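Summary of the model geometry
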Amino acid sequence: MHALQPLLASFVPIWVLTAIGYLVSRTGLLGDQAEAVLGRFVFHVAMPAALFTMLAKAPLTTFANPSMLAFAAGTAAASLLGWAGARWLFGRRLADQAIGGMAAGYVNSANLGIPVAVQVLGDASFVGPVLLFQVLLVTPIILGTLDADTAGDREGGGARGQVARMLRLPLRNPIILASALGALCSATGLRLPTALGHSCEVLGSAGVPTALITLGMSLHAGPAAARAAGAAARPAGLRAEVGLAVVCKNLVQPLVAFAVGSLLLHLNEHQLLAVVICSALPTAQNVFVYARQYGLSTALPRDSVLWSTLLSMVTLSAIDWTLAPAVH
């Protein structure tokens, strides 16, 4: 319980910004199209700027960290369970399967991982490799799947057109393009001019708060739209699907990371704590942003973000209390 108060302080901005978004939507302050416009702003402008800035400054050598094997194992286990559940238990289409897997295994490493790591571990050095792993490996797989499965919804085309779209994906998708450019700058040591680099930082800093406000707006707009459209607007089995995603995210992922880190890799106490803490972080709001951008149901990612964030206050405190006696 010694870490509960600092952890609570890390979570407060998430709840405050989400509540502001709910109130903005409820009062109609920004109009009917505000959620859609803000969502496009996050996906096409602010988030690419944030990812480019973070990756350009992150040494790619930190990615070659043995502890990352344990984190990757937990991510793979949770994501595959979420993906399989969406496919075989709930009968979702491929794009929704990808969102289900991401909701179950994609951690909030940026805006929540850093303050939690500083509070629990004393530094945020392990968050860098986690960020690189998710942005450079997991994100392209998810976005590639979303793009391939929803291409027919947008423009049609045969198999040859699908292949051509996939080959052009890094150039068409601002998230992947910005990540690749950031990694390139990091690998080559290139740096933007100071004024331009600072502009990217300022623009990128708008990404997380805007995404959280958009998430909060969906809490009001989503149920209202579902009531207006009837029961078909609410995916069948949503409660069970959210439950599966949250269990995978908050319990399965850190447990697998712990098992691999302790039994197979024999990590020391501090390394093991870092791996398990980062694996137990809640679902990132990126999942909601991607689902919204590709025209998919946002109910699962929205509820998964909220419930996994709430539950993680308990699980993170329990992990810290259990694994950290020799660290503090």
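Residues numbered from 1 in each chain as written. Predicted model: local features only at pLDDT ≥ 70, side-chain atom pairs only at ≥ 80, totals over all residues. Heavy atoms only, no water.

The name that an unreviewed UniProt entry assigns to the protein chain is AEC family transporter, with the source organism given as Kitasatospora nipponensis. Note on the protein chain: under the UniProt heading Subcellular location (unreviewed entry), the record states "Cell membrane". Regarding the protein chain, the relevant UniProt record gives this comment under Sequence similarities (unreviewed entry): "Belongs to the auxin efflux carrier (TC 2.A.69) family." (UniProt positions renumbered as here; feature names shortened; annotations may be inferred.)

With that settled, the discussion passes to the overall build of the protein chain. Scanning the protein chain for helices and strands turns up 14 helices and 0 strands. Helices and strands appear in the protein chain in the N-to-C order α-α-α-α-α-α-α-α-α-α-α-α-α-α. Within the protein chain, the proportion of its 328 residues that are buried is 49%. Contacts in the protein chain between residues far apart in sequence, at least 24 positions, make up 85% of those at least 6 positions apart. When the accessible surface of the protein chain is totalled, it reaches about 14,700 Å², and 69% of it is carbon and sulfur. (Helix = DSSP H or I, 4+ residues; strand = E, 2+ residues; numbered from the N terminus. Buried < 20%, exposed > 50% of the residue type's maximum accessible area, 1.4 Å probe, protein only. Contact = heavy atoms within 4.5 Å. Areas by Shrake-Rupley, 256 points an atom, 1.4 Å probe, with all protein chains shown as cover.)

Glancing now at the pattern of salt bridges. Scanning the model with the defined rule gives 5 salt bridges in all. With a closest N to O distance of 3.0 Å, Arg-292 and Glu-35 form a salt bridge. One end of the pair, Arg-292, is in helix α13 (residues 286-293); the other, Glu-35, is in helix α2 (residues 34-57), and 257 residues separate them in sequence. Overall, Arg-292 belongs to the partly exposed group, its relative accessible area being 27%. You can call Glu-35 buried: its relative accessible area is 11%. Here Lys-57 ties to Glu-201 by a salt bridge, and the two come within 2.4 Å at their closest N and O atoms. Residue Lys-57 is located in helix α2, and its partner Glu-201 is located in helix α9 (residues 194-204); the two are separated by 144 residues in the primary sequence. The class of Lys-57 is exposed, set by a relative accessible area of 54%. Among the residues examined, Glu-201 registers a relative accessible area of 32% and is labelled partly exposed. (Salt bridge = Lys/Arg side-chain N within 4 Å of Asp/Glu carboxyl O.)

So, about the layout of surface pockets. Put simply, the largest pocket is a space of about 360 Å³. For the lining of the largest pocket, the secondary-structure elements that each account for two or more residues are α2, α6 (127-154), α9 and α10 (207-229). A total of 6 residues in the lining of the largest pocket trace back to one element, the largest contributor, which is α2. (1 Å grid on protein atoms, 1.4 Å probe; cavity = no way out; pocket = protein on both sides within 12 Å on 5 of 7 lines; lining within 4 Å. Points joined across faces, edges and corners; volume = space filled by probe spheres on them.)

Moving on: the packing of helix α5 (residues 113-121) against helix α12 (residues 269-279). Contact geometry for α5 and α12: axes closest at 11 Å, N-to-C directions at 150°. Taken together, the axis directions place α5 and α12 in an arrangement best described as roughly antiparallel. In this structure, α5 crosses over α12, and the sense of that crossing is right-handed. Contact with α5, carried on its side by Val-116, Val-120 and Leu-121, involves His-270, Leu-273, Ala-274 and Ile-277 of α12 and no other residues of that element. A breakdown of the residues in the contact of α5 with α12 according to their chemical character gives 6 nonpolar, 1 polar and no charged. (Axes fitted to C-alpha atoms, helices over the stretch in contact; angles between N-to-C directions. Parallel < 35°, antiparallel > 145°, perpendicular 65-115°, else oblique. Left-handed = near helix turned anticlockwise from the far one by under 90°. Nonpolar A, V, L, I, M, F, W, Y, C, P; charged D, E, K, R; others polar.)

Right, let's get into the side chain of Ser-67. Looking at where Ser-67 falls in the secondary structure, it is placed in helix α3 (residues 67-89). Overall, the relative accessible area of 2% leaves Ser-67 in the buried class. Excluding residues that lie within four positions of it along the chain, Ser-67 makes contacts with Phe-126, Leu-267, Gln-271 and Val-275.

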